[in-house]
Amino acid sequence: MSAVPEDFLSKNAKVDQASIQPFPNSKKVYLAGSRPDIQVPMREITLADTPTEFGGEKNDPVRVYDTSGPYTDPAATIDIRKGLPDVRTAWIEDRNDTEFLDDFSSEFCRERKADTALDSLRFDLTRRPRKAKFGKNVSQLHYARQGIITPEMEYIAIRENSKLQAAKATELLAQQHPGQSFGANIPEEITPEFVREEVARGRAIIPANINHPEVEPMIIGRNFLVKINGNIGNSALGSSIEEEVEKLTWGTRWGADTVMDLSTGKNIHETREWIIRNSHVPIGTVPIYQALEKVNGVAEDLTWEVFRDTLIEQAEQGVDYFTIHAGVLLRYVPMTAKRVTGIVSRGGSIMAKWCLAHHKENFLYTHFEEICEICKAYDVSFSLGDGLRPGSVADANDEAQFGELETLGELTKIAWKHDVQVMIEGPGHVPMHMIKENMDKQLRECDEAPFYTLGPLTTDIAPGYDHITSGIGAAMIGWFGCAMLCYVTPKEHLGLPDKDDVKTGIITYKLAAHAADLAKGHPGAQIRDNALSKARFEFRWEDQFNLSLDPDTAKSFHDATLPKESAKVAHFCSMCGPKFCSMKISQEVRDYAAENKIQMVDIAVEQGMEEKAEEFKQQGSQLYHKV
Ligand code: IRN
Ligand code: FE2
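Counting from 1, residues in each chain are numbered in the order their sequence is written. Chain letters start at A and ligand numbers start at 1, both assigned in the order the entries are written. Where totals are concerned, whole chains, interfaces and linings use all residues; where local detail is concerned, this predicted model gives features only for residues with pLDDT of at least 70, and gives and counts side-chain atom pairs only at 80 or more. Excluding hydrogens and water, the side-chain figures rest on all heavy atoms present in the structure.

### Comments concerning the sheet that holds strand 1 (residues 26-32)
Right, so step 1: Whether two strands pair comes down to DSSP finding at least two bridges between them. In DSSP terms, a helix is any run of H or I states spanning at least four residues, a strand is any run of E spanning at least two, and both are numbered starting from the N terminus. Spatial strand order, 1-2-3: 3 strands in an open sheet with antiparallel pairing. The open sheet has two edge strands with one neighbour each: strand 1 and strand 3 (62-65). Averaged over all adjacent pairs, the angle separating strand axes in this sheet is 40 degrees, with direction ignored.
Right, so step 2: The pairing of strand 1 with strand 2 (residues 39-45) spans 7 bridges and is antiparallel. Counted as the bridge partner of Ser-26 is Ile-45 from strand 2.
Right, so step 3: Contacting strand 1, strand 2 and strand 3, helix 4 (residues 151-160) crosses the sheet at an angle of about 15 degrees to strand 2. Lines fitted to C-alpha atoms define the axes here, with helix axes fitted over just the stretch in contact, and angles between the N-to-C directions of these axes take values from 0 to 180 degrees. Contacts are residue-level and defined by heavy atoms, with any inter-residue pair within 4.5 Å sufficient.

So this is what it looks like as structure tokens:
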């Protein structure tokens, strides 16, 4: 019997209070689909009227995509010991192709259940896992290819329609520059049928395990809004279950579309159960980490059997996507020998060690079709791992990285043959001028399966600021067609991220993803920018804060120098003071034009020029006459 350390006791676990605060001037709205249980959450930000000196008009509320889940809904009762309400149970049951199992199938799970020393950590002893009925495939890809539009697909279509959902956007707010889409094909209106087609084509995935009915469906594909992932998870050196649940609720509050539990420390199984039951976003894992724990950290001792048991354990818990490093082939490993930073992927290095020790081909590659069989029985999506990604700009786009990418392309086709959903993981460290080549090669090799990249970091010289070195690369690759961006926090290369790092990483990636949506010309993406800019110009300070990605920080920065309420309508801030505010002066130019009954500023300027020109002419003629 293993002893459980004090800090893991979770009996009295409570939800993090900061994560459940409603956003300022915002309310949660739900948009109904064709059946009453399709209720798509959005956040509606209410705006003040434009001040009379600027025209005095009403400003429509702005609706934004909302990843914060029931946590920010004041009407929801949250008890993290009980988990979240089910969103999808009825949809899964209506399809009538799953059944309950009496017990968990994995040996590890059953042993774990018998260990009474773990009782204080347990989340819920009574949940029974679901599995596809014999011979059935329950993946969203399988349904899509049969022409079935699932409730998940309809939910996503409503959720993705940023232009229609942004409330009755006035013409000014809807003004948008045409984007340069690099081959993407985003329609004006996202229909459920469009969602189905993209999934059927393999160009998008809906990670949604049948054992994760709490999930609010979302889609990853380059003809949809760019998504971001936040990593959480403990390590041997720290963090409790409650801290990890807190990082989940905190990360999704700020915009994480999916969360990966990368735990490698103690009680991985129990930690994950708490995370999944309290998660409304898809959860991804790297199962090889837990498999390695099961063989006491000795990579050579890993076997297909231990790995397989781990996959089933996690699939029955409800993990929505698995990172599988099946592209690390034996013949690629020597190609990393001359690299500056060798193999930097944890999963990749574990598999490379196994391959060399046994001088055998990677068992994830040789057993790939069996993994597909497991995935389709629960609808777990693949995230094919980039075990040979470059860990420095010097190693970017080298033969090891591209060799692996070609193998991932081959595996994509095998997954598709089984109707299993798949996305492809990418680097890493890549300087800006080499990013486009990487994206183009991924689309070519993997036949447009969604790309999911870690950054990339565009330079290696700024540890402590790698959310920024990588945010630059993330924005670029998102623009070029990457579907999901895996965040990097300021702690990257230095330590385990804490709650503050999680927020900084998420906000950085949210702005990178949004910048990419703008550049791609995603319909309606610019509505929020235009509304914020209008608020800024009209000195509606509160609206400017509330429309921002991080209202708390925006407000606190402003209030650090001008905390008084009266400053919230002042026509300046402490950056330039009252006399040098360009926007104030700009308004004065407009006012001048209005006073002089001139409709347009450009006419005012022209008229002024003409007057001056006439003056000069007069003077000139006088001069002439004098001579
Ligand atoms: C994303 C793209 N490439 C890598 N990632 C993520 O990096 C992956 O999904 C996982 O969350 C994390 C660590 O993966 P490795 O180091 O085991 O490859
Ligand atoms: Fe790195």
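### So, helix 8 (residues 241-254)
Right, so step 1: Here helix 8 is 14 residues long and its end C-alpha atoms lie 20 Å apart, about the 20 Å a rise of 1.5 Å per residue gives.
Right, so step 2: Taking burial as the measure, the 14 residues of helix 8 include 11 buried ones, the bulk of the element.
Right, so step 3: Relative accessibility decides the category of a residue: with a 1.4 Å probe and only protein chains considered, values under 20% of the type maximum give buried, values over 50% give exposed, and everything between is partly exposed. Every buried residue of helix 8 is listed here: Ile-241, Glu-244, Val-245, Lys-247, Leu-248, Thr-249, Trp-250, Gly-251, Thr-252, Arg-253 and Trp-254.
Right, so step 4: Considering only its buried residues, helix 8 is in contact with strand 8 (227-232), strand 9 (258-261), helix 9 (268-277), strand 10 (283-285), helix 18 (499-520) and helix 21 (551-561).
Right, so step 5: Two residues or fewer past helix 8, Gly-255 is found with a positive phi of approximately 135 degrees. A helix is expected to span 1.5 Å for every residue after the first.

### Some thoughts on the coordination of the iron ion (ligand 2)
Right, so step 1: Coordination sphere of the iron ion (ligand 2), protein contribution only: His-429 (NE2) and His-493 (NE2), at 2.1 to 2.2 Å. One end of the pair, His-429, is in the loop between strand 13 (422-426) and helix 16 (435-445); the other, His-493, is in the loop between strand 15 (484-486) and helix 18, and 64 residues separate them in sequence. Coordinating N, O and S atoms are those within 2.8 Å of the metal (3.2 Å for Na, K and Ca), and as water is not part of the atoms, a site may appear to have fewer donors than expected.

### A few points about the layout of surface pockets
To find leftover empty space, one rolls a probe the size of a water molecule over the atoms.
Right, so step 1: In this model, the largest pocket occupies a volume close to 970 Å³.
Right, so step 2: Buriedness of a pocket was judged along seven lines, with at least five required to meet protein on both sides within 12 Å; pockets are open sets of points on a 1 Å grid over the protein atoms alone, cavities are sets where a 1.4 Å probe fits but cannot get out, and lining residues have an atom within 4 Å of a point. In terms of lining residues, the largest pocket is bounded by 39 residues, among which Asn-231, Leu-262, Arg-346, Arg-389 and Glu-492 are the most central. Grid points are joined across faces, edges and corners, and a volume is the space filled by probe spheres set on the points.

### Observations concerning the UniProt feature "binding site: [4Fe-4S] cluster" (unreviewed entry) in the protein chain
Right, so step 1: Under the UniProt annotation, "binding site: [4Fe-4S] cluster" (unreviewed entry) lies at Cys-573, Cys-576 and Cys-581.
Right, so step 2: Inspection of the secondary structure puts Cys-573 in the loop between helix 21 and helix 22 (582-595).
Right, so step 3: Excluding its chain neighbours within four sequence positions, the residues that come into contact with Cys-573 are Trp-541, His-558 and Leu-562.
Right, so step 4: Within the element layout of this structure, Cys-576 appears in the loop between helix 21 and helix 22.
Right, so step 5: Exposure remark for Cys-576: the relative accessible area of 38% places this residue in the partly exposed category. UniProt positions are given in the numbering used here, feature names are shortened, and annotations may be inferred rather than shown by experiment.

### Overview of unusual backbone geometry
Right, so step 1: In this structure, Gly-428 follows Pro-427 across a cis peptide bond, with omega equal to 15 degrees.
Right, so step 2: Here Gly-428 is to be found in the loop between strand 13 and helix 16.
Right, so step 3: Pro-456 follows Gly-455 through a cis peptide bond whose omega is 5 degrees.
Right, so step 4: Following the sequence through the fold, Pro-456 ends up in the loop between strand 14 (451-454) and helix 17 (466-480).
Right, so step 5: For Asn-96, which is not glycine, the phi dihedral falls at a positive 55 degrees.
Right, so step 6: Tracing the sequence through the fold places Asn-96 in the loop between helix 1 (89-95) and strand 4 (98-100).

### Some points on empty space enclosed by the protein
Right, so step 1: In the structure shown here, the tally under the stated rule is 6 cavities of 30 Å³ or more.
Right, so step 2: Estimates place the volume of the largest cavity at around 520 Å³.
Right, so step 3: Those elements giving two or more residues to the lining of the largest cavity turn out to be strand 2, strand 3, helix 8, helix 18 and helix 19 (527-537).
Right, so step 4: The class makeup of the residues in the lining of the largest cavity is 13 nonpolar, 7 polar and 10 charged. As a working rule, the residues Ala, Val, Leu, Ile, Met, Phe, Trp, Tyr, Cys and Pro are called nonpolar, Asp, Glu, Lys and Arg charged, and the rest polar, with Gly in that last group.

### Some remarks on the side chain of Asn-229
Right, so step 1: Within the secondary structure, Asn-229 sits in strand 8.
Right, so step 2: Definition of a polar contact: a pair of N or O atoms within 3.5 Å, with one able to donate and the other able to accept a hydrogen when the atoms are protein atoms, and with sequence-neighbouring residues admitted only if both atoms are side-chain atoms. Polar side-chain contacts of Asn-229 include one of 3.3 Å to the backbone nitrogen of Met-260.
Right, so step 3: Ignoring sequence-local partners within four residues, the contact set of Asn-229 consists of Thr-258, Val-259, Met-260, Tyr-321, Tyr-452, Met-484, Leu-485, Cys-486 and Tyr-487.

### Quick word on a nonpolar patch on the surface
Right, so step 1: Residues with no salt bridge and a relative accessible area higher than 30% make up the patches, which join like charges within 9 Å and nonpolar side chains (Val, Leu, Ile, Met, Phe, Trp, Tyr) within 5 Å. Each accessible area value is a Shrake-Rupley result obtained with a 1.4 Å probe; residue values ignore everything except the protein chains displayed when judging cover. Each salt bridge in this description consists of a side-chain nitrogen of Lys or Arg and a carboxyl oxygen of Asp or Glu lying within 4 Å of one another. The grouping of Met-432, Tyr-465, Ile-468 and Ile-472 at the surface amounts to a nonpolar patch, some 400 Å² of accessible area in total.
Right, so step 2: When you line up the elements, Tyr-465 lands in the loop between strand 14 and helix 17.
Right, so step 3: Using a relative accessible area of 53% as the deciding quantity, one classes Tyr-465 as exposed.

### Some points on the site of ligand 1
Right, so step 1: In the region of ligand 1, 17 residues are neighbours, and Tyr-289, Ser-345, Arg-346, Asp-386 and Arg-389 sit closest.
Right, so step 2: Between ligand 1 and Ser-345, the relevant distance is 2.6 Å, taken from an oxygen atom to a side-chain nitrogen or oxygen of the residue.
Right, so step 3: A distance of 2.7 Å separates an oxygen atom of ligand 1 from a polar side-chain atom of Arg-389.
Right, so step 4: In the complex, the protein chains occlude 97% of the 420 Å² of accessible area that ligand 1 would expose alone.
Right, so step 5: For a molecule to be placed in a cavity or pocket, more than half of its atoms must lie within 2 Å of the grid points of that cavity or pocket. For ligand 1, the cavity whose grid points lie within 2 Å of the majority of its atoms is the largest pocket.
Right, so step 6: Ranked by residue count, the leading element in the shell around ligand 1 is strand 14, at 3 residues.
Right, so step 7: Residues belonging to the shell around ligand 1 are distributed by class as follows: 6 nonpolar, 7 polar and 4 charged. Proximity criterion: a residue is near a molecule or strand once any of its heavy atoms comes within 4 Å of it.

### Re the packing of helix 4 against helix 7 (residues 192-201)
Right, so step 1: Two elements in contact, helix 4 and helix 7, have axes separated by 8 Å at closest approach and are oriented at 115 degrees. When the axes of helix 4 and helix 7 are compared, the pair comes out roughly perpendicular. The hand of the helix 4/helix 7 crossing is right-handed. Across from Met-153, Glu-154, Ile-156 and Ala-157 in helix 4, the residues of helix 7 making contact are Pro-192, Val-195 and Arg-196.
Right, so step 2: Looking at the contact of helix 4 with helix 7, its residues break down into 5 nonpolar, no polar and 2 charged. An angle below 35 degrees is treated as roughly parallel, one above 145 as roughly antiparallel, one from 65 to 115 as roughly perpendicular, and anything else as oblique. For any pair of crossing helices, the crossing counts as left-handed if the nearer helix is rotated counterclockwise from the farther one by less than a right angle, and right-handed if it is rotated clockwise.

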